[in-house]
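A look at the structure
Take a look at the letters that make up each chain.
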Amino acid sequence: MMDGSTQLEARDDALIADALTGLRADAKTLSPKWLYDHRGSALFEEITRLPEYYPTRTEAGILRDNATALARLVPPGGALIELGSGASIKTRTLLDAGNHIGAYGPIDISRDFLFETADGLRNAYPAIDIVPVVADFTAPVTLPDRLAALPKVAFFPGSTIGNLTPARAHALLSGIRAWPGIKAFILGADMVKDTRTLVAAYDDAQGVTAKFIGNILIRLNREADADFDPAGFDHKATWNAARARIDMHLLSNRDQHVTLDGHVIEFAKGEPIHVSAARKFTVDSLVALAADAGWDVRQRHVDDGARFSVAVLTPVR
């Protein structure tokens, strides 16, 4: 029994092509962007409330302490554009402190979750033009005219920048740098710290992160005509010191084969699927990433333990 999800409900050709490429490679991978369907987005919001997951509450505290200064980065009548907005919880801190903000553009790949969130924001902030944008922010994003014409500040909290490969992170920062009217980029970045704290944040005692990572298999069953048994895979998070990142895998707990869109994929017992990575930063690596993409790090707001950083980047002119 597989959660009733083996029936194909809404075929996603992009998901199928991406999954086949990753799962037929010598080292099997799945892109983390497919984690965020409606259930995945809800599970991630649950993760952010776990005691082990320090990044969300730490960053939230930094945002609260600096909300007025950060909101003022947006010119009067300008737009705040958030990448990977999810439930837009942190953004409310800036919107509450920025009654001069003219528009808010949440960008997210999960259409239904995004529109539900946008409806709630319209009720909470009737004076702000809420313009949801369904898009994959890891690819070039075309903003609708209502946003493109405004002076704007980009907002990318949660250290999601660390989930991107260095090349994709550079491409994203370079792409935002090219937006017309871009004034600043508010970037959340998790910092390197002790291994025990890092691993616990991605392998919680309640197993919510395991459900979140495993949800990608349920989605493949539903949208890619696959027949994964989610119970046949275990979640594992490890610290990769050489690359300064947490790696998250699904490990096959037995020899098995899976069919995906008519293609048979073999798994040996213990064979991993790399699903997500969470890179952590030092001050030097963060400054270097920004500089390579045409940004200056003008400010860094941190918590008392310097575990997390909210950096204000400005474009090099």
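About the cut-offs
Residues numbered from 1 in each chain as written. Predicted model: local features only at pLDDT ≥ 70, side-chain atom pairs only at ≥ 80, totals over all residues. Heavy atoms only, no water. Helix = DSSP H or I, 4+ residues; strand = E, 2+ residues; numbered from the N terminus. Rg over C-alpha atoms; globule rule 2.2 N^0.38 Å. Buried < 20%, exposed > 50% of the residue type's maximum accessible area, 1.4 Å probe, protein only. Contact = heavy atoms within 4.5 Å. Areas by Shrake-Rupley, 256 points an atom, 1.4 Å probe, with all protein chains shown as cover. Lys, Arg positive; Asp, Glu negative; His and termini not counted. Charge placed at Lys NZ, Arg CZ, Asp CG, Glu CD. Pairing = 2+ DSSP bridges. Axes fitted to C-alpha atoms, helices over the stretch in contact; angles between N-to-C directions. Salt bridge = Lys/Arg side-chain N within 4 Å of Asp/Glu carboxyl O. Expected span 1.5 Å × (residues − 1). Polar contact = N/O pair within 3.5 Å; in protein donor to acceptor, adjacent residues only side chain to side chain. Phe/Tyr/Trp six-rings, centres within 6.5 Å; stacked < 30°, edge-to-face > 60°. Lys NZ or Arg CZ within 6 Å of the ring centre and 35° of its normal. Parallel < 35°, antiparallel > 145°, perpendicular 65-115°, else oblique. Nonpolar A, V, L, I, M, F, W, Y, C, P; charged D, E, K, R; others polar.

Remarks on the overall build of the protein
When helices and strands are tallied, the protein shows 11 helices and 13 strands. For a compact globule of 317 residues, the expected C-alpha radius of gyration is about 20 Å, and the protein comes in at 20 Å, within 12% of that figure. Split into buried and exposed, the 317 residues of the protein put 51% on the buried side. Partitioning the intrachain contacts of the protein with sequence separation of at least 6 by distance along the chain shows that 70% fall at a separation of at least 24. Taken as a whole, the protein presents about 13,900 Å² of accessible surface, with 51% of it coming from carbon and sulfur. Averaging the locations of the 34 positively and 40 negatively charged side chains of the protein gives two centres separated by 6 Å.

Concerning the sheet that holds strand β8 (residues 245-252)
The sheet built from 3 strands is open, its strands ordered β7-β8-β11 with antiparallel pairing. The open sheet has two edge strands with one neighbour each: β7 (233-240) and β11 (272-279). The mean angle between the axes of side-by-side strands here comes to 20 degrees, regardless of whether they run parallel or antiparallel.

Here's the deal with helix α2 (residues 38-47)
Listed in full, the buried residues belonging to α2 are Gly40, Ser41, Leu43, Glu45 and Ile47. Elements that come into contact with the buried residues of α2 comprise α5 (89-97), α6 (111-124) and α10 (208-223).

Overview of the pattern of salt bridges
Tallied over the full model, the rule gives 14 salt bridges. Notably, a salt bridge pairs glutamate 59 with lysine 90, separated by 2.5 Å at the nearest N-O pair. On the criterion of sequence distance, the pair formed by glutamate 59 in helix α3 (residues 54-65) and lysine 90 in helix α5 is long-range, its members being 31 residues apart. The buried category is assigned to glutamate 59, whose relative accessible area is 1%. Taken together, the salt bridges that share partners define one network made up of Asp37, Arg219, Arg222 and Glu223.

Overview of α3
Helix length check: α3 (12 residues) gives 17 Å between terminal C-alpha atoms against 16 Å at 1.5 Å per residue, within 8%. Counting buried positions along α3 gives 9 out of 12 residues, so the element sits mostly inside the fold. Residues Tyr54, Pro55, Thr56, Thr58, Glu59, Ala60, Gly61, Ile62 and Leu63 constitute the buried set of α3.

Quick notes on the side chain of histidine 301
Residue placement: histidine 301 occurs in strand β12 (residues 295-302). A distance of 3.1 Å separates a polar atom in the side chain of histidine 301 from a polar atom in the side chain of glutamine 299. Among residues more than four places away in sequence, those in contact with histidine 301 are Ile62, Asn66, Leu70, Phe308, Ser309, Val310 and Val312.

Some remarks on the packing of aromatic side chains
This model, assessed by the stated rule, comprises 11 aromatic pairs. Aromatic ring contacts, followed pair by pair, group Tyr36, Phe44, Tyr53, Tyr202 and Phe212 into a single cluster. Of note, lysine 28 hangs over the ring of phenylalanine 267, and the distance from its end group to the ring centre comes to 5.1 Å.

With respect to the environment of leucine 164
Of note, leucine 164 is situated in the loop between β5 (152-156) and α8 (166-177). Residue classification places leucine 164 among the buried positions, given a relative accessible area of 10%. Residues leucine 164 and leucine 20, 144 residues apart in the sequence, show an inter-C-alpha distance of 20 Å. Discounting residues that sit within four places of it in the chain, leucine 164 has contacts with Phe137, Thr138, Ala169, Leu172 and Arg279.

A closer look at the packing of α2 against α10
To describe two helices that pack against each other, one gives the angle between their axes and the distance between the axes. For the pair α2 and α10, interaxial distance at closest approach is 9 Å and the crossing angle is 170 degrees. Classified by the interaxial angle, the pair formed by α2 and α10 is roughly antiparallel. Residues Arg39, Gly40, Leu43, Phe44, Glu46 and Ile47 of α2 touch α10, and the partners they reach there are Val208, Thr209, Lys211, Phe212, Asn215 and Ile218. Here the residues of the contact of α2 with α10 sort into 6 nonpolar, 3 polar and 3 charged.

Quick notes on the pairing of β12
Relative to strand β13 (residues 308-315), β12 is paired through 7 bridges, and the arrangement is antiparallel. Among the inter-strand pairings, aspartate 296 is bridged to a residue of β13, identified as threonine 314.

Section: unusual backbone geometry
One non-glycine residue, serine 88, adopts positive backbone phi at about 55 degrees. Position of serine 88 relative to the elements: it lies in the loop between β1 (79-83) and α5. Looking at serine 88, the relative accessible area reads 2%, which means it is buried. Backbone geometry at serine 159 places phi at a positive 60 degrees, although glycine is not the residue there. With respect to the secondary-structure elements, serine 159 resides in the loop between β5 and α8.

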